[in-house]
Each structure stands twice: as C-alpha cells, then as structure tokens.
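Spelled out, the chains give:
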Amino acid sequence: MSVSLGIDTSNYTTSVAVFDGESGENVGKLLEVPSGALGLRQSEALFQHVRQLPALFAKLRQEGLLEGIVAVGASTRPRAVEGSYMPCFLAGESQGRSLAHALGVPFYAVSHQQGHLAAAAFTAGRAELLEGPFLAWHLSGGTTELLLVEPEGNELHARKIGGSSDISAGQLIDRTGQLLGLAFPAGKALDELSERWESGEHFSVKIHDFTFSLSGVENKVKERAAKGAGPEEIARFALATVADAVCRATDAARHRWPGLPVLCSGGVASNRLLRQVLTERCGAVFAPARYSTDNAMGVAVLAHRYWEEGQP
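Overview of the structure.

Cut-offs used in this document
- Residues numbered from 1 in each chain as written.
- Predicted model: local features only at pLDDT ≥ 70, side-chain atom pairs only at ≥ 80, totals over all residues.
- Heavy atoms only, no water.
- Pairing = 2+ DSSP bridges.
- Helix = DSSP H or I, 4+ residues; strand = E, 2+ residues; numbered from the N terminus.
- Core = buried A, V, L, I, M, F, W, Y, C linked by side-chain atoms within 4.5 Å.
- Buried < 20%, exposed > 50% of the residue type's maximum accessible area, 1.4 Å probe, protein only.
- Axes fitted to C-alpha atoms, helices over the stretch in contact; angles between N-to-C directions.
- Contact = heavy atoms within 4.5 Å.

1. Describing the pairing of strand 8 (residues 155–164)
Okay, step 1: Pairing between strand 7 (residues 144–152) and strand 8: 8 bridges, direction antiparallel. Bridge pairing in strand 8 links Pro151 to Leu156.
Okay, step 2: Pairing between strand 8 and strand 9 (residues 211–212): 2 bridges, direction parallel. Of the residues in strand 9, the one forming a bridge with Gly163 is Thr211.

Okay, here's the thing in structure tokens:
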C-alpha cells in the first residue's frame, strides 16, 4: 500500500494525517490558549507544535498507519501567494522535510489554504471538484476569503475575489464569545447557544464586489449586550449576520461565474446555521465538521496526488 503523510501546524491546531489514495485518517490536538485570551504569540504556538507532534505520530504508529509511506507533505505557509508567512508552520515543515530525507521519499510543500480546500472536497465525497474551476470559501479564525479556484494539473490556484475587508468571521465569533465569557476558541459554544434562540434577526452588511466589512457587526453585538440582550440572542444575531453576508456574497459571485460549484472550508464552516443557510440557498458543499476545522488530511491528499503524478 502506498501511503502519504501530511502535517499541518496551524495557528491553533497540530495535526498529522495519512492517506492511501482512497481513505485516510487524521489525528490532531488544539493548542492551549490561556483563559480569557484571544490567541497565542507565534513563538508560543511554535513551541507547542514541536512538543505535540511526537505524540500524534505515536498515535498513528500504534494504529499501524505509518507503513508504506511514499511521500511526505506539510503546510509551509498560510496561502500560496508571495509574502505569505507564519512561523508556526516551520514546525511541520522542518519535521516533514526531515522525515522525507530519512525515508528517502519526496517532500511536498503546500499552503494551509490549499490543504483546507483539498480536505473539504475529499471528505465531502466531492474529490472531482479538484479537477475543475469552483468557488470556495475559506472561513476561519484568521481568514474570511471568497476564492475562485482554478486547478492547473494537481495545483490548486486560488485567487481571492471577495470576503471580509477587515476582521474575519472567526474573529467576530471569538470576540462575541469573549464578551459572553466563553472559552477560546468560541465557535462551538456560540453555535450551541444560538440554537436556543429562534429569531433570525441579523444586521445586513453592505456588499461591494463580493466584499463586506464585519467590524461594524462587532459594534452591533456590543450594543445589544449593553441593552441587556441575553447570550442566546447575541449568539444567534452574530452568527445569522455572518451567514447572511457570506450567502449574499456567494449569490453575487455565482451570478458573475454561473454554474460553478461552491465549496466551504475552514473552522467557521462547521457552524450549523451557516451550513444550513448556504446549503439551502446556494447548494454549497461542506466537509464533515471534523474536517472543516484545521487538519492535515488535505495536505496528505495533495501529497499523494503529487506523488502519483511523479512530481519531484
């Protein structure tokens, strides 16, 4: 069996995955963020990745999943564009390159964003999306980007065409969670809170050229809290606003590029309200929730594709 190994060391998750061309397995662990904080310094994230990677490899070894490795891949930067860089990805890249040299197999560098897209398409049962152009959302703690993805061979060329012009959807969610006293990251807890409120009331942000601003929504959230709105109402308002903005931008893009499928990736894409709205209104494709959040599966998928094509 020919197995590819993928490593992703994002800002908040350490993950390792294997893929044999048909199926795979991902193991991961969230980084530890101090109570009340909204993130980590890059130096601390890098330290935690280096500390956590051995245990993840050990888990795959115990399950007998580290046999027949023919390629190693790692996310080495946030996006496949010039100047994209974050120190936390050095942990996965350095270990990945070292393993590839030790095993005598090729190493493939991909971006974190490319990994998200590949993981979402494959685990949603829509791997064929990677063969042709499609629209995609990368919705995470640091990114809210609407992309036009145009594959060239096995390369996923993603061009940003819209999204948030300021804070990301994930930042809005985490700041709302902090306001409500929720632990970081707040996405799952905010999602559960929002399910307890029936109203679909939201703030309709302005959209221009598939782009919108979410910083004003944060102010609207604070205003509601100051007026005594309950946590369930605030959670629903914030998430409904994000869902509406993303859906309207998607509708506009589908009008500009008719017929293209829409793929949603990133941790925010695991939100139930967002999934419901975009599935019903836009026919969007979503990965299972565990593969919407940061994971190494897409990195392993891409590494296997490159290996099959005989890329050096």
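So, next bit.
2. Some words on the nonpolar core
Okay, step 1: Counting residues in hydrophobic clusters, the biggest one holds 44 residues, and the most contacted among them are Trp137 and Leu278.
Okay, step 2: Mapped onto this core, the elements with two or more residues apiece are strand 6 (134–139), strand 7, helix 4 (169–179), helix 5 (187–194), helix 6 (215–226), helix 7 (231–256), strand 10 (262–265) and helix 8 (272–282).
Okay, step 3: At 13 residues, the largest contribution of residues to this core is made by helix 7.

3. Observations regarding the pairing of strand 2 (residues 13–19)
Every other side chain in a regular strand lies on the same face of the sheet, so the side chains alternate between the two faces.
Okay, step 1: Within strand 2, 7 of the 7 residues are buried, which leaves it mostly tucked inside the rest of the structure.
Okay, step 2: Here strand 2 shows a buried face lined by Thr13, Ser15, Ala17 and Phe19 and a second buried face lined by Thr14, Val16 and Val18.
Okay, step 3: Pairing of strand 1 (residues 3–9) with strand 2 involves 6 bridges; the strand directions are antiparallel. In the sheet register, Ile7 faces strand 2, and the bridge partner there is Val16.
Okay, step 4: Two successive antiparallel strands, strand 1 and strand 2, enclose a turn made up of 3 residues.
Okay, step 5: Sheet topology note: the strand 2/strand 3 (residues 24–30) ladder contains 7 bridges and is antiparallel. Across the sheet, the residue bridging to Thr14 is Lys29, located in strand 3.

4. Description of the sheet that holds strand 1
Okay, step 1: Spatially, the 5 strands line up as an open sheet ordered 3-2-1-4-5, and their pairing is mixed. Each of the sheet's edge strands pairs with one partner strand only, and the pair in question is strand 3 and strand 5 (107–111). This sheet shows a mean twist of 20° between the axes of neighbouring strands, independent of strand direction.
Okay, step 2: Lying on the sheet, helix 3 (residues 112–123) is in contact with strand 1, strand 2, strand 4 (69–77) and strand 5; it crosses strand 5 at an angle near 90°.

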